[in-house]
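This is what each chain is made of:
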Amino acid sequence: MMHSTEVLVVGGGGTGTGIARDLAMRGLDVTLIDRGGLGIGTTGRSHGLLHSGARYAESDAAGARECIVENDILRDIAGECIRDTGGYFVRLADDDPEYFEEKYQACLEHDIPAERISPEEAREAVPDLAEDVEEVMVVPDGVIYPSRLVAATAADAREHGAAIYPDAPVTELLRDDGRVIGAAVDHGIGKIHADHIVNATGAWAGQLGDMAGVDIEMKPTRGVMIAQEYDGLDIVLNRARDPDDGDIVIPHAEQVVLGTTSVEVEDPDEYEKADWEIERTIEECAEMFPPAAEAPETRTYWGVRPLYAPEEAETGGARGISRGFFVLDHEERDGVEGFTSVVGGKLTTHRMMAEAAADSIAERLGVDEPSQTTEKPLYASQDPEQLDELVAEFDIDGPSDADVIGSVQ
Ligand SMILES: Cc1cc2nc3c(=O)[nH]c(=O)nc-3n(C[C@H](O)[C@H](O)[C@H](O)COP(=O)(O)OP(=O)(O)OC[C@H]3O[C@@H](n4cnc5c(N)ncnc54)[C@H](O)[C@@H]3O)c2cc1C
């Protein structure tokens, strides 16, 4: 098959589906492809915290502000793709009180509504909280169901005219005289010609970059998540200490998801899955939430963060690499026309990343229409049953919310 499109988006995670939606809403002819089912990459394997920004408030002001802005927007547009639980930051007896105070003040400074409550009040909502809780603040964290979010975003893009192809791996980028002009796609799809190609392949961005002859220095880190049976937690729990292994517990309907770790990997497809990371995550989460030590495990899964780390941006250890995002216009950066990459970021900020990438591409293509993605609700986002049908249609099969999808009675 020979196919032509104005923009070919490679990568059907949160970022790629967000870009397809944004550009299709501006009136562009868009095709989105993924090598597997949509969301098969990091998006479907994330921990699923809808960040309020409190986690980064004292260390990364810009990142924290991005999170609270996007948190508000997703509450408006994403309906049943998210769950508005609220979150606690919990300081245990051994945790530094100055760190807690610094985080609290930084939240207020960045317009993240944070409110102190007593350990007794916190225990009323979470009776199983650890005994040695000293201080608690409430922040507007929530839960993202990544499969539904990707399905609703892709369906919205399709409503605006985009063509969506899961199970369509790019094996080669077609180049002509310093310009990327299309892609060779496996599984019987053939060649797709495009005026502009977007690399939204997350942790795999370096591989697609190689096909275009540009160097994209990714430094992916793996993390483990453990889902357990536990009915009755309705609020996100964060440990109020410098980000470390095992300091977040995410509530689902009848399960909790513990996480996570951060260890650098060479290859986002082949990496070690170490038992110590599972044990440590359970132990650490159980310090704050003791049922985690005993609750029956339902699934353990791993994901790889799409961290971008050019030499000048490195700040030290794996947790120090920026979680911010970068739009790389390869014409400006490398002299390769028709090719843009978007790397880094968080699922919480995927819409903002998509808007920034779409702005850059629209400008390259001479399109004046602004982004319209902040106000209009995502397609079917109020209807969990329809969302779960879309999840099946787009072949979305991520472990992150496997217990939630299809559970509507
Ligand atoms: C352990 C862990 C926990 C996390 N927790 C959170 C959290 O709680 N909250 C939060 O906001 N963020 C979290 N994140 C970060 C977040 O999940 C990611 O930043 C985000 O999902 C990345 O989305 P993406 O679309 O950029 O990449 P991906 O979802 O990885 O999408 C890239 C897609 O490109 C496709 N692809 C690759 N190569 C090709 C090819 N050759 N041809 C076609 N398709 C290709 C892949 O199949 C993949 O689907 C977490 C990440 C990890 C690893």
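Only a predicted model underlies this, so the values are computations on that prediction, with no experimental measurement involved. (Residues numbered from 1 in each chain as written. Predicted model: local features only at pLDDT ≥ 70, side-chain atom pairs only at ≥ 80, totals over all residues. Heavy atoms only, no water.)

Q: Just to check I follow, could you spell out the sheet that holds strand E3 (residues 49-50) for this structure?
A: To summarise the sheet geometry, strands pair through backbone hydrogen bonds and adopt either a parallel or an antiparallel arrangement. The antiparallel open sheet is built from 3 strands, whose spatial order is E3-E8-E4. Edge strands, defined here as strands with exactly one partner in the open sheet, are E3 and strand E4 (82-83). Pairing of E4 with strand E8 (residues 142-144), which is carried by 2 bridges, proceeds in the antiparallel orientation. Residue pairing in the sheet places isoleucine 82 in a bridge with isoleucine 144 of E8. (Pairing = 2+ DSSP bridges. Helix = DSSP H or I, 4+ residues; strand = E, 2+ residues; numbered from the N terminus.)

Q: Looking at this structure, how should I read the packing of aromatic side chains?
A: For any pair of aromatic rings, the description consists of the separation of the ring centres together with the inter-plane angle of the planes. One pass over the full model with this rule turns up 2 aromatic pairs. Ring geometry for tyrosine 230 against phenylalanine 289: centres 5.0 Å apart, planes inclined by 80°, an arrangement best described as edge-to-face. Residue tyrosine 230 is found in the loop between strand E13 (221-229) and strand E14 (236-239), and its partner phenylalanine 289 is found in the loop between helix H7 (275-288) and strand E18 (297-305); the two are separated by 59 residues along the sequence. For the cation-ring pair, lysine 273 lies above tyrosine 271, with the distance from its terminal atom to the ring centre recorded as 5.2 Å. (Phe/Tyr/Trp six-rings, centres within 6.5 Å; stacked < 30°, edge-to-face > 60°. Lys NZ or Arg CZ within 6 Å of the ring centre and 35° of its normal.)

Q: Would you mind going over the pairing of strand E15 (residues 248-251) with me for this structure?
A: In summary, the side chains of a regular strand alternate between the two faces of the sheet. What you see with E15 is no split at all: Ile248 and Ile250 on one side and Val249 and Pro251 on the other are buried throughout. Bridging between E14 and E15 involves 2 bridges; their strand directions are antiparallel. Among the inter-strand pairings, leucine 237 is bridged to a residue of E15, identified as valine 249. As defined by bridge partners, E15 adjoins strand E16 (residues 255-259) across 4 bridges and the pair is classed as antiparallel. Residue pairing across strands places proline 251 opposite valine 256, the latter belonging to E16. Between E15 and E16, which pair antiparallel one after the other, the connecting turn spans 3 residues. (Buried < 20%, exposed > 50% of the residue type's maximum accessible area, 1.4 Å probe, protein only.)

Q: Whenever I open this one, the domain arrangement of the protein chain confuses me. Can you help?
A: Segmenting the protein chain into domains produces domain 1 (2-44 + 146-218 + 311-393) and domain 2 (84-143 + 221-305). Each of domain 1 and domain 2 has a C-alpha centre, and the two are 30 Å apart. Listed as interface residues are 8 residues of domain 1 and, on the opposing side, 12 residues of domain 2. Interface area for domain 1 against domain 2, summed over the two sides, is near 840 Å², with a carbon-plus-sulfur share of 49%. Between domain 1 and domain 2 we count 1 salt bridge in total. Counting across the domain 1 and domain 2 interface gives 3 residue pairs in polar contact (both at pLDDT 80 or more). Taken together, the residues of the side of domain 1 that touches domain 2 sort by class into 3 nonpolar, 2 polar and 3 charged. (Domains from an automatic or database assignment. Contact = heavy atoms within 4.5 Å. Buried area = accessible area lost by both parts, 1.4 Å probe. Salt bridge = Lys/Arg side-chain N within 4 Å of Asp/Glu carboxyl O. Polar contact = N/O pair within 3.5 Å; in protein donor to acceptor, adjacent residues only side chain to side chain. Nonpolar A, V, L, I, M, F, W, Y, C, P; charged D, E, K, R; others polar.)

Q: Just to check I follow, could you spell out a negative patch on the surface for this structure?
A: Negative charge collects at one region of the surface, where Glu80, Asp383, Glu385 and Glu389 lie side by side. Position of glutamate 80 among the secondary structure elements: in the loop between helix H2 (61-77) and E4. When its relative accessible area of 33% is taken as the criterion, glutamate 80 is described as partly exposed. (Patch = residues over 30% accessible without salt bridge, like charges linked within 9 Å, V, L, I, M, F, W, Y side chains within 5 Å. Areas by Shrake-Rupley, 256 points an atom, 1.4 Å probe, with all protein chains shown as cover. Lys, Arg positive; Asp, Glu negative; His and termini not counted. Charge placed at Lys NZ, Arg CZ, Asp CG, Glu CD.)

Q: Looking at this structure, how should I read helix H9 (residues 350-364)?
A: The α-helix advances 3.6 residues per turn, and as a result positions three or four apart in sequence lie on the same side. Across its 15 residues, H9 extends 21 Å between first and last C-alpha, which sits within 8% of the 21 Å expected from 1.5 Å per residue. All buried positions along H9 are accounted for by His350, Arg351, Met352, Met353, Ala354, Ala357, Ala358, Ser360, Ile361 and Ala362. (Expected span 1.5 Å × (residues − 1).)

Q: Sorry if this is basic, but what is going on with the pairing of strand E5 (residues 87-92) here?
A: Taking burial as the measure, the 6 residues of E5 include 6 buried ones, the bulk of the element. Where burial is concerned, the two faces of E5 agree: the one with Gly87, Phe89 and Arg91 and the one with Tyr88, Val90 and Leu92 are both buried. Taken together, the 6 bridges between E5 and strand E7 (residues 133-139) define a ladder with antiparallel strand orientation. Along E7, the bridge assignment pairs valine 90 with valine 136.

Q: I'm lost on the packing of helix H1 (residues 14-25) against helix H5 (residues 146-159) in this one. Help?
A: For any two helices packed against each other, the geometry comes down to the angle between their axes and how far apart the axes lie. At a minimum axis distance of 8 Å, the contact between H1 and H5 shows a crossing angle of 25°. Between H1 and H5, the angle is such that the two are roughly parallel. Considering only the axes of H1 and H5, their crossing is left-handed. Side by side, H1 and H5 meet where Gly14, Thr17, Gly18, Ala20, Arg21, Ala24 and Met25 of the first sit next to Val150, Thr153, Ala154, Asp156 and Ala157 of the second. For the contact of H1 with H5, the class distribution of residues is 6 nonpolar, 4 polar and 2 charged. (Axes fitted to C-alpha atoms, helices over the stretch in contact; angles between N-to-C directions. Parallel < 35°, antiparallel > 145°, perpendicular 65-115°, else oblique. Left-handed = near helix turned anticlockwise from the far one by under 90°.)

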